[in-house]
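Breakdown of the fold
Here's the letter readout for the chains.
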Amino acid sequence: MAELVTNLKVVQDKIIAASARRLPEYKYFEPRLVAVSKLKSVELIVDAYKAGQRHFGENYVNELVEKGNHSSILETCTDIRWHFIGHLQRNKINKLLTTPNLYIIETIDNEKLASALNTSWSKIRVHENLKLKIMVQVNTSNEQEKSGCEITDVCTLVQHIIDNCTSLEFVGLMTIGTFGHDLAKGPNPDFLCLKECREKVSKELGIDLNKIELSMGMSNDYEHAVELGSTNIRVGTAIFGERAKKDT
């Protein structure tokens, strides 16, 4: 646990330092740290929670459902907030939405998925009168193997969610981007692209720019992402260490 707590403190300190280097226009918020716990044990999640971490990200539906319903987490981590940050298949929506303390789904990339989520959430959480927070994932790098909607489709998808998905709350945009960008070549183009998408959504749909979050930055580039205005960073390895490969 000592190593995890140390790692968490290092990441938090670096976020604070990076935040101090931001432009004045980003001073109105503090970046949210999401500890990506995929393929990590329940015990490590509980340790991170006890150290003060509240937001956790998972990539696989089955793993999130299992952890979210684990007795240790239900008993100890009463205020945990789960972020689903992986590719979501429509046939697993109902299973995902039953997870206790599900906070947000960051990976909505098409209208059919958004509509299916909207229908399921309104049925599963019918008595809660609480909208499900979602982000639209954008394929800023145009990589064929990456999930995310096309850059040109972002406004159309957000408009569809606002107009037709009354059980969903659009809160921002998310990208994974190309791994290992060399900062010597300048700012990460994927981050710049996501910022441009936010500006376009704000302008074309009349949404306050400050109310559109940006989920960008991971273990290798979260400081840079914070400097560029990321509101939500997803850090796994820098907190929990290297992951074992997922069983196939």
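Residues numbered from 1 in each chain as written. Predicted model: local features only at pLDDT ≥ 70, side-chain atom pairs only at ≥ 80, totals over all residues. Heavy atoms only, no water.

- Going by the annotation in an unreviewed UniProt entry, the name recorded for the protein chain is Pyridoxal phosphate homeostasis protein, with Bombus impatiens given as the source organism.

A few points about the environment of Y222
- Position of Y222 relative to the elements: it lies in helix α9 (residues 222-227).
- The exposure class of Y222 is buried, given its relative accessible area of 4%.
- For the pair formed by Y222 and S72, sequence separation is 150 residues and the distance between their alpha carbons is 30 Å.
- Filtering out sequence-adjacent residues up to four positions away, Y222 remains in contact with V11, K14, I15, G217, I233 and V235. (Helix = DSSP H or I, 4+ residues; strand = E, 2+ residues; numbered from the N terminus. Buried < 20%, exposed > 50% of the residue type's maximum accessible area, 1.4 Å probe, protein only. Contact = heavy atoms within 4.5 Å.)

Details of the nonpolar core
- Of all hydrophobic cores here, the largest spans 63 residues; its most connected members are I105, I161 and F170.
- Setting aside chain neighbours within four positions, we find I105 in contact with F84, L88, L96, L97, L117, L132, K133, I134 and M135. (Core = buried A, V, L, I, M, F, W, Y, C linked by side-chain atoms within 4.5 Å.)

Overview of unusual backbone geometry
- The backbone of L39 shows a phi angle near 65 degrees, a positive value even though the residue is not glycine.
- Inspection of the secondary structure puts L39 in the loop between β1 (32-36) and α2 (42-50).
- Judged by its relative accessible area of 30%, L39 falls in the partly exposed class.
- Despite not being glycine, N142 shows a phi value in the positive range, around 55 degrees.

Things to note about the pairing of strand β5 (residues 132-137)
- Among the six residues in β5, five count as buried, and that is most of the element.
- Bridge count for strand β4 (residues 102-108) against β5 is three bridges, and the pairing is parallel. Note that in β5 the partner of I104 across the bridge is K133.
- Note: β5 against strand β6 (residues 168-174), six bridges, orientation parallel. Its bridge partner lying in β6, L132 is registered against L168.
- In this fold, the crossover linking β5 to β6 by way of helix α7 (residues 154-164) has right-handed handedness. (Pairing = 2+ DSSP bridges. Right-handed = clockwise from strand over helix to strand, strands pointing away.)

Structural notes on the packing of aromatic side chains
- For the coordinates displayed, the defined rule picks out two aromatic pairs.
- Ring geometry for Y28 against F29: centres 4.8 Å apart, planes inclined by 70 degrees, an arrangement best described as edge-to-face.
- For the ring pair F56 and W82, a centre distance of 6.1 Å and an interplane angle of 55 degrees mean the geometry is tilted. Remark: W82 occurs in strand β3 (residues 81-84) and F56 occurs in strand β2 (residues 55-58); sequence separation between them is 26 residues.
- Looking at W82, the relative accessible area reads 0%, which means it is buried.
- The residue whose ring lies beneath R54 is Y49, and the NZ or CZ to ring-centre distance is 3.7 Å. (Phe/Tyr/Trp six-rings, centres within 6.5 Å; stacked < 30°, edge-to-face > 60°. Lys NZ or Arg CZ within 6 Å of the ring centre and 35° of its normal.)

Here's the deal with the UniProt feature "modified residue: N6-(pyridoxal phosphate)lysine" (unreviewed entry) in the protein chain
- Under the local residue numbering, the UniProt record ascribes the feature "modified residue: N6-(pyridoxal phosphate)lysine" (unreviewed entry) to K38.
- Structurally, the position occupied by K38 is in the loop between β1 and α2.
- In contact with K38, not counting residues within four places along its chain, are G57, E58, N59, Y60, E63, K67 and R243. (UniProt positions renumbered as here; feature names shortened; annotations may be inferred.)

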